[in-house]
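Coordinate analysis (summary)
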Number of protein chains: 2
Amino acid sequence: MKENLIETLIGIFTVDKGKIKILLMHKKDEPYKGYWILPGSFLSSDETLEDNITDVVCDELGLPSMYIEQCSTFSNLNRYPEKRVLATTFIGLIDNITLVLKRKELDNVELSWFDIDSIPKTGYDHDKIIEKLIDYLRKRIISSNILRILFPSDFTLPELQKVYEQILGITIDRRNFRKKLINLGYVIDTGDVNEGYMGRPAKLYRFDENVEERNLF
Amino acid sequence: MKENLIETLIGIFTVDKGKIKILLMHKKDEPYKGYWILPGSFLSSDETLEDNITDVVCDELGLPSMYIEQCSTFSNLNRYPEKRVLATTFIGLIDNITLVLKRKELDNVELSWFDIDSIPKTGYDHDKIIEKLIDYLRKRIISSNILRILFPSDFTLPELQKVYEQILGITIDRRNFRKKLINLGYVIDTGDVNEGYMGRPAKLYRFDENVEERNLF
DNA sequence: CTTCCTTTGCGTTTATCATACACTCATATT
DNA sequence: AATATGAGTGTATGATAAACGCAAAGGAAG
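The rules behind the values
- Residues numbered from 1 in each chain as written.
- Chains lettered and ligands numbered in written order.
- Predicted model: local features only at pLDDT ≥ 70, side-chain atom pairs only at ≥ 80, totals over all residues.
- Heavy atoms only, no water.
- Helix = DSSP H or I, 4+ residues; strand = E, 2+ residues; numbered from the N terminus.
- Rg over C-alpha atoms; globule rule 2.2 N^0.38 Å.
- Areas by Shrake-Rupley, 256 points an atom, 1.4 Å probe, with all protein chains shown as cover.
- Lys, Arg positive; Asp, Glu negative; His and termini not counted.
- Charge placed at Lys NZ, Arg CZ, Asp CG, Glu CD.
- Near = heavy atom within 4 Å.
- Polar contact = N/O pair within 3.5 Å; in protein donor to acceptor, adjacent residues only side chain to side chain.
- Nonpolar A, V, L, I, M, F, W, Y, C, P; charged D, E, K, R; others polar.
- Least-squares fit on C-alpha atoms with pLDDT ≥ 70 in both.
- Contact = heavy atoms within 4.5 Å.
- Domains from an automatic or database assignment.
- Buried area = accessible area lost by both parts, 1.4 Å probe.
- Salt bridge = Lys/Arg side-chain N within 4 Å of Asp/Glu carboxyl O.

1. Focus: the overall build of chain A
Within chain A one finds six helices and nine strands. Here the C-alpha atoms of chain A give a radius of gyration of 19 Å, agreeing with the 17 Å that 2.2 N^0.38 yields for 217 residues. If one aligns the C-alpha atoms of chain A with their principal axes, the spans along those axes are about 60 × 35 × 30 Å. Put simply, chain A shows about 11100 Å² of open surface, and 48% of that area lies on carbon and sulfur atoms. Between the centroid of the 30 positive side chains of chain A and the centroid of its 35 negative side chains there is a distance of 7 Å.

This is the structure we're talking about:
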């Protein structure tokens with residue numbers, strides 16, 4: 001037998017109040033009823049993996065189209081009950097503002113955002129897959145300026161720092177973090193500030209489009 | 001139609017005289033007869049992708065088992081003539097000494113090593129795939145100590161430097177390169193030297209097993 | 001054996017970047 | 001007005017990176 005079933009799965013990430021969140025679906029039927037799983041669908045022979053996952057994002061989840069990257073393909077023989085199904089996985093990134101503005105509410109799916117540090121009980125092998133997706137995201141954040149997709153404009157440096165600290169598992173000195181990003185020309189002061197919160201208002205920044213990729217940490 | 005054919009493809013890399021080489025197969029039948037292609041095979045429903053590609057390496061190519069990593073899965077609709085075939089790609093790394101010692105000669109396959117800077121005319125979409133595999137290798141070399149697989153023991157620093165320069169497309173100062181690797185404890189002097197060539201004999205080194213991963217360039 | 005050529009190894013200086021740490025500023029809360 | 005909270009600024013010190021001149025060890029040629 002040379003024919004195989006393939007599913008696509010996507011970990012969609014966003015940042016809310018300095019915390020990285022992942023979108024999971026509540027499964028309403030067996031198997032794994034009541035568990036949380038990654039969104040996805042089965043691949044037809046007339047579409048690419050990328051087209052398929054874009055359809056999932058837009059049509060099934062009611063989300064705006066977003067930046068995606070392919071991660072890896074899982075092929076364990078027992079990862080699916082009964083039949084053999086491979087899974088090609090993706091990460092999707094969407095900033096919180098676009099998310100709130102363009103999201104369509106759908107009735108038949110139950111979706112929730114989870115902090116990546118507290119993933120709920122998941123079905124299938126999705127715990128392993130989620131772990132790998134987060135690890136992939138971590139490496140991409142280190143080695144590229146992919147974070148600018150999650151921070152489109154008018155973000156504060158403390159917000160950005162919290163994300164680095166969460167995903168890299170490190171603590172960074174406030175003042176050195178600020179110095180580094182500003183001195184390297186990574187971020188630009190917009191002139192506005194972020195009022196209405198406790199303490200001194202934070203300045204708002206945006207990423208400089210013209211700066212080249214490099215490892216920050 | 002939800003069923004799909006999947007093939008595996010592997011770019012096997014080694015280093016010979018400071019140059020990175022990739023192994024390609026000469027295709028003896030149509031389509032793409034006479035062109036060069038990546039080794040691989042079709043996936044059965046009773047094996048994982050990794051098992052499949054390991055079989056290709058050992059049984060079809062007569063090579064010793066080697067370090068492999070999965071790269072990405074290609075799913076363009078027109079990448080294969082007639083039917084729809086997805087391709088999951090791998091990189092494989094093997095050092096030259098093990099290669100020479102343990103390689104079994106097979107009659108029915110024509111294999112050649114090509115410098116990664118001069119890839120011959122390839123069949124299917126393998127030119128794009130090879131490009132992506134080399135790019136993947138580059139990123140892994142930057143962000144991990146994967147190179148030690150290609151340099152198992154008793155290598156010279158100029159050799160190692162040449163590989164960095166080739167894959168990263170940079171030129172490095174001889175003296176600073178040496179200083180960096182030695183000071184960081186990355187390499188250890190074996191005490192032996194590499195005689196019989198022009199100029200002063202180069203010292204032989206090996207990687208320190210206990211050093212942690214970090215970006216060198 | 002001497003001279004030249006080739007390639008590798010070693011050291012120093014300078015500039016750049018990273019780390020550590022103390023203080024001030026602007027708002028909300030009481 | 002006093003306090004709490006979170007944000008912004010500066011400076012000294014150490015570590016790492018970059019640039020560069022020169023010596024050493026062999027082979028090749030006379």
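There's plenty left to go through after this.
2. Overview of the protein's contact with DNA strand C
Near DNA strand C lie 21 residues; those nearest to it are A:R175, B:R174, B:R175, B:R178 and B:K203. Of what DNA strand C places within 4 Å of the protein, 47% of the atoms are sugar or phosphate. One nitrogen or oxygen atom from the side chain of A:K179 is found 3.0 Å from a base nitrogen belonging to DNA strand C. At 3.3 Å, a side-chain N or O of A:R200 approaches a base oxygen of DNA strand C. Counting only elements with at least two residues in the surface near DNA strand C, the list comes to α6 (174-183) of chain A together with α6 (174-183) and β9 (202-207) of chain B. Its residues assigned to classes, the surface near DNA strand C shows seven nonpolar, three polar and eleven charged.

3. Some words on the relation of the copies chain A and chain B
By a simple turn and slide, chain A fits onto chain B: the slide is 0.0 Å along the axis, the RMSD is 0.1 Å, and the turn is 179 degrees. Such values leave the two copies arranged in the relation of a two-fold axis. Both copies share a contact surface, since 100% of the interface residues of chain A are interface residues in chain B too.

4. Observations concerning the domain arrangement of chain A
All names here are of chain A. As far as domains go, chain A holds domain 1 (4-143) and domain 2 (153-207). Between domain 1 and domain 2, the C-alpha centre-to-centre distance is 29 Å. Taken together, the twelve residues of domain 1 in the interface contact seven residues of domain 2. Overall, the association of domain 1 and domain 2 removes approximately 820 Å² of surface from exposure, summing both partners, and the carbon and sulfur fraction of that is 65%. Here domain 1 is connected to domain 2 by zero salt bridges. On the surface where domain 1 and domain 2 come into contact, there are four residue pairs in polar contact (both at pLDDT 80 or more). When residues of the side of domain 1 that touches domain 2 are traced back to their parent elements, those giving at least two are β2 (19-26) and α3 (126-143). Sorting elements by how many residues they give to the side of domain 1 that touches domain 2 places α3 first, with five residues.

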